[in-house]
Amino acid sequence: MKYRIGLVGCGVVGQGFLEILAAKAEELKARHGFEAKVVAIADKLKGTAIIPAGIDIGKALKWLGAGKSLDEFGPVKAKREAPADPLDVIARTDADIIAELTYTDIKTGEPATSHIRKALQTGKHVVTSNKGPAALYYRELAELAKKKKRQFRIEGTVMSGTPVFTLCERGFAGNEVREIKGILNGTTNFILSKMETDGMEYGEALALAQKLGYAEADPTADVEGFDALAKVVILSNVLLGGNLKPAQIRPQGISSITRQMVLDAKAEGFRYKLVGFARRESGKIAAGVAPQKLSLADPLTGVMGAQNALTFDLDLLGKVTIQGPGAGKLATGHAILQDVLAIHHDLE
Ligand code: HSE
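Residues numbered from 1 in each chain as written. Predicted model: local features only at pLDDT ≥ 70, side-chain atom pairs only at ≥ 80, totals over all residues. Heavy atoms only, no water.

(A) Structural detail: the site of the ligand. Around the ligand lies a shell formed by Lys131, Asn185, Gly186, Thr187, Tyr214, Ala215, Glu216, Asp222, Asp227, Lys231, Gly326 and Ala327. Side-chain polar atom of Asn185 to an oxygen atom of the ligand: 3.4 Å apart, as the coordinates give it. One nitrogen or oxygen atom from the main chain of Tyr214 is found 2.8 Å from a nitrogen atom belonging to the ligand. In the complex, the protein chains occlude 90% of the 260 Å² of accessible area that the ligand would expose alone. Elements with a minimum of two residues in the shell around the ligand: helix H9 (186–197) and helix H12 (226–239). Broken down by class, the residue content of the shell around the ligand amounts to three nonpolar, four polar and five charged. (Near = heavy atom within 4 Å. Polar contact = N/O pair within 3.5 Å; in protein donor to acceptor, adjacent residues only side chain to side chain. Areas by Shrake-Rupley, 256 points an atom, 1.4 Å probe, with all protein chains shown as cover. Helix = DSSP H or I, 4+ residues; strand = E, 2+ residues; numbered from the N terminus. Nonpolar A, V, L, I, M, F, W, Y, C, P; charged D, E, K, R; others polar.)

(B) Structural detail: the sheet that holds strand E1 (residues 2–8). Taken in spatial order, the six strands make up an open sheet running E3-E2-E1-E4-E5-E6, and their pairing is mixed. Since the sheet does not close on itself, it has two edges, and those belong to strand E3 (47–50) and strand E6 (152–153), each with one partner. Of the pairings in the sheet, the one linking E1 to strand E2 (residues 35–43) comprises seven bridges and is parallel in character. Directly across from Lys2, in E2, lies its bridge partner Glu35. (Pairing = 2+ DSSP bridges.)

(C) Quick peek at H9. The terminal C-alpha atoms of H9, which comprises twelve residues, lie 16 Å apart, in line with the 16 Å expected from a rise of 1.5 Å per residue. Of all the twelve residues making up H9, ten are buried; the element is thus mostly covered by neighbouring parts of the structure. Along H9, the residues that are buried comprise Gly186, Thr187, Thr188, Asn189, Phe190, Ile191, Leu192, Ser193, Met195 and Glu196. Buried residues along H9 sit in contact with strand E7 (177–183), helix H10 (202–211), helix H11 (220–223), helix H13 (259–267), strand E8 (270–281) and strand E10 (307–314). Put simply, Asn185 is the residue that caps the front of H9, since its side-chain oxygen is 3.3 Å from the backbone nitrogen of Thr187. Positive phi appears at Gly199, one or two residues downstream of H9, with a value of about 65°. (Expected span 1.5 Å × (residues − 1). Buried < 20%, exposed > 50% of the residue type's maximum accessible area, 1.4 Å probe, protein only. Contact = heavy atoms within 4.5 Å.)

(D) Region of interest: unusual backbone geometry. For the bond running from Glu110 to Pro111, omega is 5°, close enough to zero to count as cis. Topologically, Pro111 is positioned in the loop between strand E4 (97–100) and helix H6 (112–121). Positioned with a positive phi, Lys149 is a non-glycine residue whose angle comes to about 55°. By the element assignment, Lys149 lies in the loop between helix H7 (131–147) and E6. Its relative accessible area of 69% is what places Lys149 among the exposed residues. The backbone of Met159 sits at a positive phi, close to 60°, despite the residue not being glycine. Mapped onto the secondary structure, Met159 falls in the loop between E6 and helix H8 (165–171).

(E) Main features of the sheet that holds E7. Overall, antiparallel pairing links the five strands, which are arranged E9-E8-E7-E10-E11 in an open sheet. Where the open sheet ends on each side, the last strands, each with one partner, are strand E9 (284–295) and strand E11 (318–325). Averaged over neighbouring strand pairs, the angle between their axes works out to 20° when direction is ignored. Where E8 and E9 come together, twelve bridges link them in antiparallel fashion. Paired with Phe277 across the strands is Gly288, a residue of E9. (Axes fitted to C-alpha atoms, helices over the stretch in contact; angles between N-to-C directions.)

Have a look at this one:
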């Protein structure tokens, strides 16, 4: 089947997804019977291109790489017709799937939530890596999607392209998730690792994480635990049937952990990790984010650098731990591909 895809937001994740679509086009067609054309890209800073016949992805990536605006991309007719407001683009495009890839605003969930509502209301499936709408409005958006007989998929919001939700949906089908516990923020795990292995001070390690692009635009969300909390809330609400809001939980971050504390813990046979957890307790969800001194026997203890890991406690399987990238251009682009392919396989 051939799908028309529209991108709202075309920063690191959007460009990663486009790179994968271009590089894997033949393989996706041969192995999955999946073909896609990108019919619209709308980005607040990078401009808008709407080309119903399909955007030449290679050319568009080069165009963006040269710092040129998408308003000037493609045939003159497309230029003239391109509206600047992403909500208009979403409503007017004939895309089957909208990939919402704008930057996360964890406090308001906007403008992404409005984009997602508009896409679902106008009959499009939605895939997103944006944590704001998933943490704040998952239930509402999932119900809207159901009402419209469309899908709202969020694989890229937790552990980027390392499968979490598709894994639970298919691989863990039939299990009840009793508890999740994980390292859900790459920046803080990178900082804690560098303090131990390279003897860096906290500030030095944070500066390096920012330089390498792991940290959010405002790293407070990473180091004070708000990014990990958003992911815990998403996991609780999607996998444990919770209805939590981020404002109900006060996370504890790593800004008070010093290099000496990290080294002392190591000497005692422990390692500090920023741990996010959620579990069912007497019909309710208990959830939180805080630094914990984990013993060497815990599978999360060996996870170093910007990697993420998650331990599921399942009623049929018991404990299963996955580890993999939690951020990055191709890793998160891959999450978007996973969701698009899941929609394709459901429709086949
Ligand atoms: N800032 C986040 C992290 C990016 O460090 O994990 C991925 O959500």
